[in-house]
Amino acid sequence: MSDTHEVTVASVHQMTPDVKQFVLEADDHTFDFRPGQHTQIHFEQDGEEVVRPYTATSLPGTDRITLAIKRYPDGTASTWMHERSPGDAITVEELDGNLYLRDPDSDVAFVATGTGITPMMAMCKQYLEEGSGDAHFFFGEKDEAHVVYRETLDQFAAENDDFDVTYVLSDDDWAGDEGHVQDHLADHLDGFDGRDFYVCGVPGMVVETQDHLHERGVDDDRIYTEGWEGDEVAGE
Ligand SMILES: Cc1cc2nc3c(=O)[nH]c(=O)nc-3n(C[C@H](O)[C@H](O)[C@H](O)COP(=O)(O)OP(=O)(O)OC[C@H]3O[C@@H](n4cnc5c(N)ncnc54)[C@H](O)[C@@H]3O)c2cc1C
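Residues numbered from 1 in each chain as written. Predicted model: local features only at pLDDT ≥ 70, side-chain atom pairs only at ≥ 80, totals over all residues. Heavy atoms only, no water.

Draft legend 1. Structural detail: the packing of helix 2 (residues 117–130) against helix 3 (residues 150–159). Contact geometry of helix 2 with helix 3 gives a least axis separation of 12 Å together with a crossing angle of 25 degrees. If you check the angle between helix 2 and helix 3, you find them roughly parallel. Helix-helix and strand crossings are classified by hand; for helix 2 and helix 3 the assignment is left-handed. Facing Ile117, Met121, Cys124, Lys125 and Leu128 of helix 2, the residues of helix 3 in contact are Thr152, Leu153 and Phe156. Considered class by class, the residues forming the contact of helix 2 with helix 3 number six nonpolar, one polar and one charged. (Axes fitted to C-alpha atoms, helices over the stretch in contact; angles between N-to-C directions. Helix = DSSP H or I, 4+ residues; strand = E, 2+ residues; numbered from the N terminus. Parallel < 35°, antiparallel > 145°, perpendicular 65-115°, else oblique. Left-handed = near helix turned anticlockwise from the far one by under 90°. Contact = heavy atoms within 4.5 Å. Nonpolar A, V, L, I, M, F, W, Y, C, P; charged D, E, K, R; others polar.)

Below, the structure is given as structure tokens:
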């Protein structure tokens, strides 16, 4: 286990019906990590230690991180987190993990569903600061009410000529793209050559996106993935 820190919940914001954003503040520590990486929260319940990974959506270099956490009705840690209030103390680990931006000079596509958006938020902020290419953000959700970070992504797209965002909804009848996010990549990208793909969401979506990219001639060394939602919650 890496170093742990006591942090205080500085603010809680209900983003969608089942996702809350938490700002966590350390007393005397600057968080240093690669955007896209995750912490592990630790707490005790019924005499057992519970440990779960959650990804920072904020950039490093300050004493705060933000987490966006979806509540599952039977979920141990997600329910515990949703019961936290400003002023509460939480133990978190140093951030770590394999999903982070590799080359800010390459064109990129960020492809996410559900809470798989969290590493993409941090990476796309870094890309907007450091990147020199074209970025396209694809986000799949069931309906408009469950789309997190829409205001932020729409602002990024409005303020940056080289940043586009596409939302794909599976259950809504709406003016935008419908169905599965991985089926809409070719509709919006000029091409697949010379672009890095960052993919995170339910394991089925991650596998289908990889297959789709392989069919379009994208090599594995340009595809960076993590799958954690759904029946098989992936570990490290
Ligand atoms: C590297 C990594 C980063 C992660 N980052 C985030 C993040 O930024 N935000 C976030 O919200 N989550 C994130 N997760 C998922 C998170 O770690 C937990 O798996 C999730 O919050 C569920 O934990 P729990 O203790 O509430 O549920 P558990 O107590 O472990 O599960 C209890 C029951 O809850 C339901 N359930 C639990 N998890 C899921 C699921 N994923 N899909 C469907 N049903 C489920 C099932 O009914 C399950 O039987 C990440 C996971 C990984 C591996």
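Draft legend 2. Spatial organisation of the sheet that holds strand 9 (residues 163–169). Within the open sheet, the six strands sit side by side as 10-9-8-7-11-12. Their pairing is parallel. Both edges of this open sheet fall to strand 10 (177–178) and strand 12 (223–227), since each of them pairs with a single strand only. Sheet analysis places strand 9 next to strand 10, joined by two bridges and oriented parallel. Each residue of the ladder has a partner; that of Val168, found in strand 10, is Asp177. In the packing of helix 5 (residues 203–215) onto the sheet, the strands contacted are strand 7 (107–113), strand 11 (195–201) and strand 12, and the crossing angle to strand 11 comes to about 160 degrees. (Pairing = 2+ DSSP bridges.)

Draft legend 3. Region of the structure containing helix 2. In this model helix 2 runs 20 Å from its N-terminal to its C-terminal C-alpha over 14 residues, within 8% of the 20 Å that 1.5 Å per residue would give. Among the 14 residues that make up helix 2, 10 are buried, leaving the element largely enclosed by the rest of the structure. (Expected span 1.5 Å × (residues − 1). Buried < 20%, exposed > 50% of the residue type's maximum accessible area, 1.4 Å probe, protein only.)

Draft legend 4. View of the pattern of salt bridges. Within this structure, the stated rule accounts for seven salt bridges. One salt bridge in this structure joins Glu144 and Arg150, with 2.8 Å as the shortest N-O distance. A relative accessible area of 26% places Arg150 in the partly exposed class. By sharing partners, the salt bridges in this structure join Glu25, Asp63 and Arg64 into a single network. (Salt bridge = Lys/Arg side-chain N within 4 Å of Asp/Glu carboxyl O.)

Draft legend 5. Layout of helix 5. Here helix 5 contains 13 residues, and its C-alpha end-to-end distance of 19 Å stays within 8% of the 18 Å for a straight helix at 1.5 Å per residue. Within helix 5, burial applies to Pro203, Met205, Val206, Thr209, His212 and Leu213. Residues of helix 5 that are buried sit in contact with strand 7, helix 4 (185–188), strand 11 and strand 12. In the stretch just after helix 5, Gly217 is the one whose phi turns positive, near 85 degrees.

Draft legend 6. Region of interest: the site of the ligand. Taken together, 21 residues surround the ligand, and among them Pro53, Tyr54, Thr76, Ala77 and Ser78 come closest. Ala77 places a main-chain nitrogen or oxygen 2.7 Å from an oxygen atom of the ligand. Protein burial of the ligand: of its 920 Å² of free accessible surface, 80% is covered by the chains. Contributions of two or more residues to the shell around the ligand are made by strand 4 (48–55), strand 5 (64–70) and helix 1 (76–82). The greatest single-element share of the shell around the ligand, amounting to four residues, is contributed by strand 4. Two domains each put at least three residues into the shell around the ligand: domain 1 (4–93) and domain 2 (107–234). (Near = heavy atom within 4 Å. Polar contact = N/O pair within 3.5 Å; in protein donor to acceptor, adjacent residues only side chain to side chain. Areas by Shrake-Rupley, 256 points an atom, 1.4 Å probe, with all protein chains shown as cover. Domains from an automatic or database assignment.)

Draft legend 7. Highlighting unusual backbone geometry. Of note, Asp46 is a non-glycine position whose phi angle comes to about 50 degrees, a positive value. Among the structural elements, Asp46 can be located in the loop between strand 3 (38–45) and strand 4. Asp46 sits in the exposed class, given a relative accessible area of 77%. Unlike most non-glycine residues, Tyr149 shows phi in positive territory, near 60 degrees. By the secondary structure assignment, Tyr149 is in the loop between strand 8 (135–141) and helix 3. Owing to a relative accessible area of 8%, Tyr149 belongs among the buried residues under this scheme.

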